[in-house]
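This is what each chain is made of:
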Amino acid sequence: MNAVTLSETRPLSEAVLSRGWRADLRLAYGRRGERTALIERSHVGPLVVQRPLYPEGEAVCHTILVHPPAGIAGGDQLSVSVRVDAGAHALLTTPGAGKWYRSAGLRGSLNQRIAIAAGAVCEWLPQESIVYDGALGDLSTEVELQGDACFIGSEMLCFGRTGSGERFTRGELAMRTRLVRNGRPLWLERGRVGGGAALLDSPVGLQGEPVCGSLLVASPKVDVALLEAWREIVPEVGSGGVTLLPGLLVARYLGPGCEPGRAWFARLWAAVRPAMTGREMQIPRIWNT
């Protein structure tokens with residue numbers, strides 16, 4: 001049986017267009033027999049998903065989030081809401097690197113909210129984001145888990161277009177990440193990286209590296225054995241560290257490029273996924289294109 005989808009598109013006003021795009025995407029996944037189906041889908045503006053994919057069988061629904069402008073400019077307001085119902089398993093990613101474009105003065109924003117019911121799994125694995133010199137942005141991610149729900153999520157940021165030698169000398173990106181289980185906080189983090197700020201080179205900051213990333217695994221199943229397994233896996237380029245907190249495994253990366261950071265996260269993901277989901281790692285096909 002095909003997934004039930006509800007689609008909605010509403011026009012944007014000239015006032016919104018004059019100050020940037022407003023885009024809103026809402027998705028919901030549910031268990032239908034042995035299949036995880038995309039049961040609800042609505043969008044406003046240029047933020048959509050491609051058709052659901054099932055490269056590892058019907059139990060896991062892979063979805064690719066597409067933002068046709070390919071980046072966030074000053075004044076843009078993007079919002080993504082994902083709900084994963086009991087027993088469902090969704091994996092979401094993006095087709096390529098996201099971008100925060102240089103701004104003439106207005107701030108762009110991306111708000112991401114994920115709700116995961118008991119017995120459900122959400123793997124939130126967007127590809128990296130490049131923060132252009134002069135960008136002004138706010139990035140917020142909130143994850144609400146119920147019962148024994150599992151969340152595996154990554155975020156990787158590159159400050160400046162390093163391929164062309166660009167550094168992040170002006171602008172600002174403010175970040176906020178919040179994970180709660182049954183209403184109780186698991187992880188609360190706020191950060192603010194200013195272009196040209198001392199934090200970029202500080203030993204307690206980015207240590208002169210343009211790329212930083214985090215991989216979070218929230219589940220009652222995380223334990224010392226998984227932490228030790230992660231400690232045996234080290235980045236081939238750059239530096240990384242791993243930490244075990246109650247109900248949460250955390251990995252941090254600093255390095256000169258996104259490629260080695262993504263490769264390290266993929267190896268960590270491969271080590272932890274069977275224990276969290278009973279399945280071996282399945283790289284999204286879009287990552288190989």
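Residues numbered from 1 in each chain as written. Predicted model: local features only at pLDDT ≥ 70, side-chain atom pairs only at ≥ 80, totals over all residues. Heavy atoms only, no water.

K.L.:
With reference to specific residues and values, describe the packing of aromatic side chains.
P.N.:
This model, assessed by the stated rule, comprises five aromatic pairs. Aromatic pair Tyr-253 and Trp-264: ring centres 6.3 Å apart, planes at 45°, arrangement tilted. Separated by eleven residues along the polypeptide, Tyr-253 in strand β17 (residues 248-255) and Trp-264 in helix α3 (residues 258-277) bring together distant segments of the chain. This pair shows no difference in class: Tyr-253 is buried, exactly as Trp-264 is. (Phe/Tyr/Trp six-rings, centres within 6.5 Å; stacked < 30°, edge-to-face > 60°. Helix = DSSP H or I, 4+ residues; strand = E, 2+ residues; numbered from the N terminus. Buried < 20%, exposed > 50% of the residue type's maximum accessible area, 1.4 Å probe, protein only.)

K.L.:
Please provide a residue-by-residue account of the sheet that holds strand β8 (residues 108-116), values included.
P.N.:
What the seven strands build is an open sheet, ordered β2-β1-β5-β8-β11-β13-β14; its pairing is mixed. With one partner strand each, in any of the chains shown, β2 (35-44) and β14 (184-194) form the two edges of the open sheet. On average, each strand axis in the sheet is inclined to that of its neighbour by 10°, with strand direction left out of account. Summarising the sheet, β8 and strand β11 (residues 136-145) pair through nine bridges and their orientation is parallel. Within β11, the residue paired with Ala-115 across the bridge is Glu-144. (Pairing = 2+ DSSP bridges. Axes fitted to C-alpha atoms, helices over the stretch in contact; angles between N-to-C directions.)

K.L.:
Help me get a handle on helix α2 (residues 224-231), residues and values and all.
P.N.:
Taken residue by residue, α2 has Leu-226, Leu-227 and Trp-230 as its buried positions. Projected down its long axis, α2 carries its buried residues within an arc of 105°, all on one side. Structural note: α2 exposes Val-224 and Ala-225 on the side pointing more than 90 degrees away from its buried face. Backbone nitrogen of Ala-225 and a side-chain oxygen of the N-cap are separated by 3.2 Å at the start of α2; the cap is Asp-223. (Arc of directions from axis to C-beta. Polar contact = N/O pair within 3.5 Å; in protein donor to acceptor, adjacent residues only side chain to side chain.)

K.L.:
For the pattern of salt bridges, give the residues involved together with the corresponding values.
P.N.:
A full pass over the atoms with the stated rule returns 19 salt bridges. Its salt-bridge partner being Glu-56, residue Arg-279 comes within 3.9 Å of it at the nearest N-O pair. In this pair, Arg-279 is assigned in the segment after α3 and Glu-56 in the loop between β3 (48-49) and β4 (61-66), connecting sequence segments 223 residues apart. Among the ionic pairs, Asp-138 bridges to Arg-107, the shortest N-O distance being 2.9 Å. Separated by 31 residues along the polypeptide, Asp-138 in strand β11 and Arg-107 in the loop between β7 (98-100) and β8 bring together distant segments of the chain. Under the relative-accessibility criterion, Arg-107 is labelled partly exposed at 32%. Here the salt bridges share partners, and the residues they tie into one network are Glu-56, Glu-123, Arg-273 and Arg-279. (Salt bridge = Lys/Arg side-chain N within 4 Å of Asp/Glu carboxyl O.)

K.L.:
Help me get a handle on the pairing of β17, residues and values and all.
P.N.:
Within β17, seven of the eight residues are buried, which leaves the element mostly enclosed by the surrounding structure. Bridge analysis of strand β15 (residues 211-218) against β17 gives eight bridges, and the strand direction is antiparallel. From the neighbouring strand, Gly-213 faces β17, where its bridge partner is Tyr-253. Pairing of strand β16 (residues 239-245) with β17, which is carried by seven bridges, proceeds in the antiparallel orientation. Across the sheet, Leu-245 pairs through a bridge with Leu-248, a residue of β17.

K.L.:
For the nonpolar core, give the residues involved together with the corresponding values.
P.N.:
Within soluble globular proteins, side chains that are nonpolar generally end up buried alongside one another. Counting residues in each nonpolar core, the largest one holds 47 residues, and the members touching the most others are Tyr-29, Val-82, Val-84, Leu-92, Ile-116, Phe-151 and Phe-159. Excluding anything up to four places from it in sequence, Ile-116 contacts Val-84, Val-121, Cys-122, Val-143, Glu-144, Leu-145, Gln-146, Ala-149, Cys-150 and Phe-151. Leu-91, Leu-249, Phe-265 and Met-276 belong to the second largest nonpolar core, which has 30 residues in total. (Core = buried A, V, L, I, M, F, W, Y, C linked by side-chain atoms within 4.5 Å. Contact = heavy atoms within 4.5 Å.)

K.L.:
Can you break down the side chain of Thr-277 residue by residue, with the values?
P.N.:
If you trace the backbone, Thr-277 turns up in helix α3. From its side chain, Thr-277 meets the backbone nitrogen of Arg-279 in a polar contact 3.2 Å long. What Thr-277 contacts, discounting residues up to four positions off in sequence, is His-89 and Val-121.

K.L.:
Before we move on, can you summarise the layout of surface pockets with the specific residues and values?
P.N.:
Computed from the structure, the second largest pocket encloses a volume of approximately 290 Å³. Arg-262, Ala-263, Phe-265, Ala-266 and Trp-287 are, among the 16 residues lining the second largest pocket, the residues nearest its centre. Taken together, the elements giving at least two residues each to the lining of the second largest pocket come down to β12 (150-159) and α3. Element by element, the count of residues in the lining of the second largest pocket is highest for α3, at six residues. Here the lining of the second largest pocket is built from residues that sort into ten nonpolar, two polar and four charged. (1 Å grid on protein atoms, 1.4 Å probe; cavity = no way out; pocket = protein on both sides within 12 Å on 5 of 7 lines; lining within 4 Å. Points joined across faces, edges and corners; volume = space filled by probe spheres on them. Nonpolar A, V, L, I, M, F, W, Y, C, P; charged D, E, K, R; others polar.)

K.L.:
With reference to specific residues and values, describe the pairing of β4.
P.N.:
In terms of burial, β4 is largely enclosed, as six of its six residues are buried. The two faces of β4 match: Cys-61, Thr-63 and Leu-65 on one face and His-62, Ile-64 and Val-66 on the other face are all buried. Strand direction decides the pairing type here: β3 and β4, joined by two bridges, are antiparallel. Opposite Val-48, over in β4, you have Val-66 as the bridge partner. By the bridge criterion, four bridges tie β4 to strand β6 (residues 89-93) in an arrangement that is parallel. Considered in β6, the bridge of Ile-64 is made with Thr-93.

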